[in-house]
Amino acid sequence: MEVADAPIRVQSIAQEDRKVVVPPEYIQPPENRPSKLGNGNATDHKIPMIDLGGDKDVNLLCEEIGRACREWGAFHVANHGVPIALLDEIRKAGTSFFEELPMAEKLRYSCDPNSPASEGYGSRMLVASDDAVLDWRDFFDHHTFPLSRRHLSRWPHSPPNYREVIAEYSDQMKVLAEKLLGLISTSLGLSSSFIEEAMGELYQNITISYYPSCPQPELTLGLQSHSDMGFITLLIQDKVAGLQVSKDGEWVTVDPVSHAILVILGDQTEHRAITNANRARLSVATFHDPAKTMSVSPAFKPPRYRQVIYGDYVSSWYTKGPNGKRNIDALLI
Ligand code: OGA
Ligand code: NI
């Protein structure tokens, strides 16, 4: 078990000399391993790409978004209004933190392993004692909205522009998330502010994930199968593929598109990350959630899910583990 004064990071394990096998706690049971069949090889399946730019008719745009939400629960957006240079800068800042800082320096920013989703540098998604099999991943979690949660002093001081880049990226993602939530609301026949109003105050977290190369990618997962809890996740990755989305019972690899942003519809979309033997991989996921005190319930009648207080929903995710879409399925009526 990880204890506060001796945290273990996957990057340290991966860098051990002549490491050819992964420690047993990272080995997935056979049914969860990335197998050859249905392992993202389906070439006829591609995540939709939606162009938000130009003067496209808003009804057509909403129709396109509605279809992508229903059929995939995930889609790329292009011409999203976020400067491409900023996407490159955050990828660069993240890579620099994970690859250029000495481990001892990085560990100064360690998150609290006993508190779910605490801010900082970590490896375990669930609280220390609850992980069944460990993910082959290190991460840095930043609390970014509401602004009262944004403490730049807790973020890496190197590279020098790191904190500035995260703050700017956070602001830009919030604008895009609100625009998308408006379009998604409209696509459902609701008023464009419906989801935003249901959300109340917006909570945003940014997680930079670093997946070191892995000596046995066939036995491990970078990130176990899960769905994200909040309203909308905006994700970018580097050039190394690894993210997979579940579609009609098959795992489909999301091809990296450097200028695009992947939209993941919270708990509607089961996804995971696989590892590879040759290259480390980096992603930046920006989560948009309601406040913990908000009551969440279906917009349509008859409801298919029970009402829940968002904070209880989050606690259940972190104590029982994601196990695909277990948390949302538990609320099915
Ligand atoms: C996440 C996530 C996938 C990835 O952080 O919730 O799904 O590609 N990340 O890193
Ligand atoms: Ni996710």
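Residues numbered from 1 in each chain as written. Chains lettered and ligands numbered in written order. Predicted model: local features only at pLDDT ≥ 70, side-chain atom pairs only at ≥ 80, totals over all residues. Heavy atoms only, no water.

In the annotation of an unreviewed UniProt entry, the protein chain is listed under the name Non-heme dioxygenase N-terminal domain-containing protein and assigned to Cynara cardunculus var. scolymus. You can read under Sequence similarities (unreviewed entry) in the UniProt record for the protein chain the words "Belongs to the iron/ascorbate-dependent oxidoreductase family." (UniProt positions renumbered as here; feature names shortened; annotations may be inferred.)

Glancing now at empty space enclosed by the protein. Taken as a whole and assessed by the stated rule, the structure comprises one cavity of 30 Å³ or more. The wall of the largest cavity is formed by His76, Leu235, Ile236, Gln237, Pro256, Val257, Ala260 and Leu262. Per element, the largest residue contribution to the lining of the largest cavity is three residues, and it comes from strand 7 (residues 232-237). Here the lining of the largest cavity is built from residues that sort into six nonpolar, two polar and no charged. (1 Å grid on protein atoms, 1.4 Å probe; cavity = no way out; pocket = protein on both sides within 12 Å on 5 of 7 lines; lining within 4 Å. Points joined across faces, edges and corners; volume = space filled by probe spheres on them. Helix = DSSP H or I, 4+ residues; strand = E, 2+ residues; numbered from the N terminus. Nonpolar A, V, L, I, M, F, W, Y, C, P; charged D, E, K, R; others polar.)

Of the protein atoms, only His226 (NE2), Asp228 (OD) and His271 (NE2) coordinate the nickel ion (ligand 2), at distances of 2.1 Å. All donors to the nickel ion (ligand 2) come from one chain, and their sequence spacing reads H-x1-D-x42-H. The same class applies to His226 as to Asp228, namely buried. (Donors = N, O, S within 2.8 Å, 3.2 Å for Na, K, Ca; no water. Buried < 20%, exposed > 50% of the residue type's maximum accessible area, 1.4 Å probe, protein only.)

For ligand 1, the full set of nearby residues is Arg137, Tyr211, Leu223, His226, Asp228, Leu235, Leu243, His271, Arg281, Ser283, Ala285 and Phe287. Between an oxygen atom of ligand 1 and a side-chain N or O atom of Tyr211, the distance comes to 2.6 Å. Asp228 places a side-chain nitrogen or oxygen 3.2 Å from an oxygen atom of ligand 1. Notes on ligand 1: free accessible area 290 Å², of which the protein chains cover 97%. Among the detected pockets, ligand 1 sits in the second largest pocket. Listed by contribution, the elements that provide at least two residues to the shell around ligand 1 are strand 6 (223-226) and strand 12 (281-289). Tallying contributions element by element places strand 12 first for the shell around ligand 1, with four residues. Per-class residue counts for the shell around ligand 1 are six nonpolar, three polar and three charged. (Near = heavy atom within 4 Å. Polar contact = N/O pair within 3.5 Å; in protein donor to acceptor, adjacent residues only side chain to side chain. Areas by Shrake-Rupley, 256 points an atom, 1.4 Å probe, with all protein chains shown as cover. Sits in = over half its atoms within 2 Å of the grid points.)

Take the UniProt feature "domain: Fe2OG dioxygenase" (unreviewed entry) in the protein chain next. Per the UniProt entry, the sites bearing "domain: Fe2OG dioxygenase" (unreviewed entry) are residues 201-290 in this numbering. End C-alpha to end C-alpha, residues 201-290 measures 6 Å, and it is 0% helix and 49% strand.

With that out of the way, let us pick up unusual backbone geometry. Following Phe145, the chain continues into Pro146 via a peptide bond in cis, with omega recorded as -5 degrees. Along the chain, Pro146 turns up in the loop between strand 4 (138-145) and helix 5 (162-187). Following Lys301, the chain continues into Pro302 via a peptide bond in cis, with omega recorded as -5 degrees. Looking at the secondary structure, you find Pro302 in the loop between strand 13 (295-296) and strand 14 (308-309). In this structure, Asp248 is a non-glycine residue whose phi angle is positive, near 50 degrees. Within the element layout of this structure, Asp248 appears in the loop between strand 8 (243-247) and strand 9 (250-253). Even without being glycine, Asn323 reaches a positive phi, approximately 40 degrees. Turning to its location among the elements, Asn323 is positioned in the loop between helix 7 (310-320) and helix 8 (326-329). The exposure class assigned to Asn323 is exposed, which follows from its relative accessible area of 61%.

Looking now at the state of the cysteines. Counted according to the given criterion, the structure contains zero disulfides. This cysteine, Cys62, is not joined by any disulfide, and Cys69 carries the nearest cysteine sulfur, 10.0 Å off. (Disulfide = S-S within 2.5 Å.)

Our next topic: the packing of helix 3 (residues 84-100) against helix 5. Where helix 3 meets helix 5, the axes come as close as 10 Å, and the angle between the chain directions of the two elements is 140 degrees. For the element pair helix 3 / helix 5, the angle class is oblique. Here the hand of the crossing between helix 3 and helix 5 comes out left-handed. Where helix 3 abuts helix 5, its residues Leu86, Leu87, Glu89, Ile90, Ala93, Gly94 and Phe97 lie against Tyr162, Val165, Ile166, Glu168, Tyr169, Gln172 and Met173. Tallied by class, residues from the contact of helix 3 with helix 5 come to ten nonpolar, two polar and two charged. (Axes fitted to C-alpha atoms, helices over the stretch in contact; angles between N-to-C directions. Parallel < 35°, antiparallel > 145°, perpendicular 65-115°, else oblique. Left-handed = near helix turned anticlockwise from the far one by under 90°. Contact = heavy atoms within 4.5 Å.)

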